[in-house]
Amino acid sequence: KVDRVSMLEIVLATRNRDKIKEIKKLLNSINARLVSLEDFPGCPEVAEDGETLEENAKKKALVVSQYTKKLSLAEDTGLEVEALGGAPGIHSARFAGDNATYGDNNRKLLKLMEKLPIEKRKAKFRCAAVLAKPDGGVVTCEGVCEGMIAFEMKGESGFGYDPVFLVLSYGKTFAELGEKIKNRISHRAQAFAKIKKIIDNWTM
């Protein structure tokens, strides 16, 4: 058993350091070694041109798994705002343009929402996480976190849309709640809790 566990490596199919850090915290107790694409500099870039979060995550996981010949774990996350017909959705990372910063995306979102009252500011974060094997087998898990878009950016913690995503049960944004609470209730925490169970079953 120990040999199998020590050999199990999972490649995180992302170059986003904020995501890598968060995923490693969410999966800190698994019986596997998490490595990232920084360990595989030749790995091809994957165009995220799928129609859904799941398609994008599956594509990333499969390309990385086939290139590295290891298990690969990818995720794609989108913020879906009801008043914007589900936008930015799959375009969340590039909402304000191809090289947009987190701040650019948040400012664009707040500008689009500025005239809307609280009852029209419903939003949800959706995360699709996909575990792929080199033989093409995949497992998909999803997590959803409901909330609202705040009227202004608040809080210093986290990344992405965390300063504008308001969790109603706490009355605070993800960025105000901090890492510990976010990593217990977030969309990504939910999706990765399911992934963790699958990995644990494989390594038992």
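Up top is the structure.
Residues numbered from 1 in each chain as written. Predicted model: local features only at pLDDT ≥ 70, side-chain atom pairs only at ≥ 80, totals over all residues. Heavy atoms only, no water.

### Some remarks on the nonpolar core
Side chains of nonpolar character tend, in soluble globular proteins, to be buried together. Counting 22 residues, the largest nonpolar core has Ile10, Leu73, Phe192, Ile195 and Ile199 as the members making the most contacts within it. Of all the elements in the fold, those that place two or more residues in this core are β1 (9-12), α2 (17-26), β3 (71-81), β5 (122-132) and α7 (187-203). Tallying contributions element by element places α7 first for this core, with six residues. If we skip the residues at most four places from it in the chain, isoleucine 195 touches Leu73, Ala129, Leu131 and Cys141. (Core = buried A, V, L, I, M, F, W, Y, C linked by side-chain atoms within 4.5 Å. Buried < 20%, exposed > 50% of the residue type's maximum accessible area, 1.4 Å probe, protein only. Helix = DSSP H or I, 4+ residues; strand = E, 2+ residues; numbered from the N terminus. Contact = heavy atoms within 4.5 Å.)

### Some points on the pairing of β5
Extensive coverage of β5 is indicated by the burial of nine of its eleven residues. Summarising the sheet, β3 and β5 pair through ten bridges and their orientation is antiparallel. Residue pairing in the sheet places alanine 74 in a bridge with valine 130 of β5. In this sheet, strand β6 (residues 138-149) lies alongside β5 in antiparallel orientation, the contact comprising eleven bridges. For alanine 128, the partnering residue across the bridge sits in β6 and is glutamate 142. Hairpin connection, β5 to β6: the antiparallel pair is bridged by five residues, and glycine 136 has positive phi, about 100°. (Pairing = 2+ DSSP bridges.)

### A closer look at helix α4 (residues 102-113)
Here α4 contains twelve residues, and its C-alpha end-to-end distance of 17 Å stays within 8% of the 16 Å for a straight helix at 1.5 Å per residue. Of all the residues in α4, the buried ones are Asn105, Asn106, Leu109, Leu110 and Met113. Looking straight down α4, one finds that the buried residues subtend no more than 130° of arc, so they occupy a single side. Here the buried face of α4 lies against β3 and β6. (Expected span 1.5 Å × (residues − 1). Arc of directions from axis to C-beta.)

### A few points about helix α3 (residues 53-68)
The periodicity of an α-helix, 3.6 residues per turn, causes residues three or four places apart in sequence to face the same way. Compared with the 22 Å implied by 1.5 Å per residue over 16 residues, the 23 Å span of α3 between its first and last C-alpha is a close match. Turning to α3, its buried residues are Leu53, Asn56, Ala57, Lys60, Ala61, Val64, Ser65 and Thr68. Projected down its long axis, α3 shows its buried positions confined to an angular sector of 150°, all on one face. Contacts from the buried residues of α3 go to β1, β3 and β5. Phi turns positive, to about 60°, at lysine 69, one or two residues after α3.

### Some details on the pattern of salt bridges
Here the structure, examined in full by the defined rule, presents 19 salt bridges. A salt bridge links glutamate 9 to arginine 33; the nearest nitrogen and oxygen atoms lie 2.0 Å apart. Here the residue glutamate 9 occupies a position in strand β1, and arginine 33 occupies one in strand β2 (residues 33-36), the gap between them amounting to 24 residues. The class for glutamate 9 is buried, based on a relative accessible area of 16%. On the basis of relative accessibility, which here comes to 48%, the residue arginine 33 falls in the partly exposed class. Close ionic contact of glutamate 9 with lysine 70 constitutes a salt bridge, the shortest N to O distance being 2.9 Å. Of this pair, glutamate 9 sits in strand β1 while lysine 70 sits in the loop between α3 and β3, placing them 61 residues apart in sequence. (Salt bridge = Lys/Arg side-chain N within 4 Å of Asp/Glu carboxyl O.)

Function-wise, these values are silent; they only describe arrangement.
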